[in-house]
Amino acid sequence: MVMIFRKVVEAEEFLSSSSEKMINLISRDDINVPFEEKIFECVINWVKHELDCRYDSLPKLMEHVCLSLAPQTIYKNMKLMNLLSKIILNVCFFIIMLLL
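Under an unreviewed UniProt entry, the name given to the protein is BACK domain-containing protein, and the organism recorded is Acyrthosiphon pisum.

What follows is the structure in structure tokens.
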């Protein structure tokens, strides 16, 4: 599955996939990647490709990423951290609005 996963995420049509197809890909039990950060990177790349319309899909996609298995270097990437901080702020705002 490692080779297939890499081929899928490197294919041109990957960035045009629906969120449902993304979830199906990253939530497979038989997925085998060298590092969990590869799944994280593919999710981020997919979202960034059409950020305005995919931004809301990120929390659902991140439910299927095991960040605890990713190396600590993933957290040092400032571009990804910036995107994650925006998402966290939006999620917090949404939760606060629900509670009011």
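Next comes the rest of the account.
On to the environment of F5. Here F5 lies in helix 1 (residues 2-10). Since its relative accessible area comes to 4%, F5 is described here as buried. In this structure, the C-alpha to C-alpha distance between F5 and C42, residues 37 residues apart in sequence, is 10.0 Å. In this structure F5 touches L25, I31, V33, K38, I39 and C42, once residues within four positions along its chain are discounted.

In total, this model carries 4 salt bridges according to the counting rule given. Notably, a salt bridge pairs R28 with D30, separated by 2.7 Å at the nearest N-O pair. When its relative accessible area of 42% is taken as the criterion, D30 is described as partly exposed. Across the pair E63 and K60 runs a salt bridge, and its minimum N-O distance is 3.4 Å. Overall, the relative accessible area of 45% leaves K60 in the partly exposed class.

Another aspect to go through is the side chain of S17. On the secondary structure map, S17 appears in the loop between helix 1 and helix 2 (19-26). The class of S17 is buried, set by a relative accessible area of 17%. In this structure S17 touches W46 and R54, once residues within four positions along its chain are discounted.

Bringing the environment of V8 into the picture now. Tracing the backbone through its elements, the reader meets V8 in helix 1. A relative accessible area of 33% means that V8 is categorised as partly exposed. Once residues lying within four places of it in the same chain are set aside, the contact partners of V8 are F14 and L25.

A word on the side chain of R54. Its location among the elements puts R54 in helix 4 (residues 51-54). Of the polar contacts made by the side chain of R54, one reaches the backbone oxygen of L15; its length is 2.6 Å.

Within helix 2 the residues assigned to the buried category are M22, L25 and I26. Projected down its long axis, helix 2 shows its buried positions confined to an angular sector of 85°, all on one face. Away from the buried face of helix 2 by more than 90 degrees, exposed residues E20 and N24 are located.

Calculation notes
- Residues numbered from 1 in each chain as written.
- Predicted model: local features only at pLDDT ≥ 70, side-chain atom pairs only at ≥ 80, totals over all residues.
- Heavy atoms only, no water.
- Helix = DSSP H or I, 4+ residues; strand = E, 2+ residues; numbered from the N terminus.
- Buried < 20%, exposed > 50% of the residue type's maximum accessible area, 1.4 Å probe, protein only.
- Contact = heavy atoms within 4.5 Å.
- Salt bridge = Lys/Arg side-chain N within 4 Å of Asp/Glu carboxyl O.
- Polar contact = N/O pair within 3.5 Å; in protein donor to acceptor, adjacent residues only side chain to side chain.
- Arc of directions from axis to C-beta.

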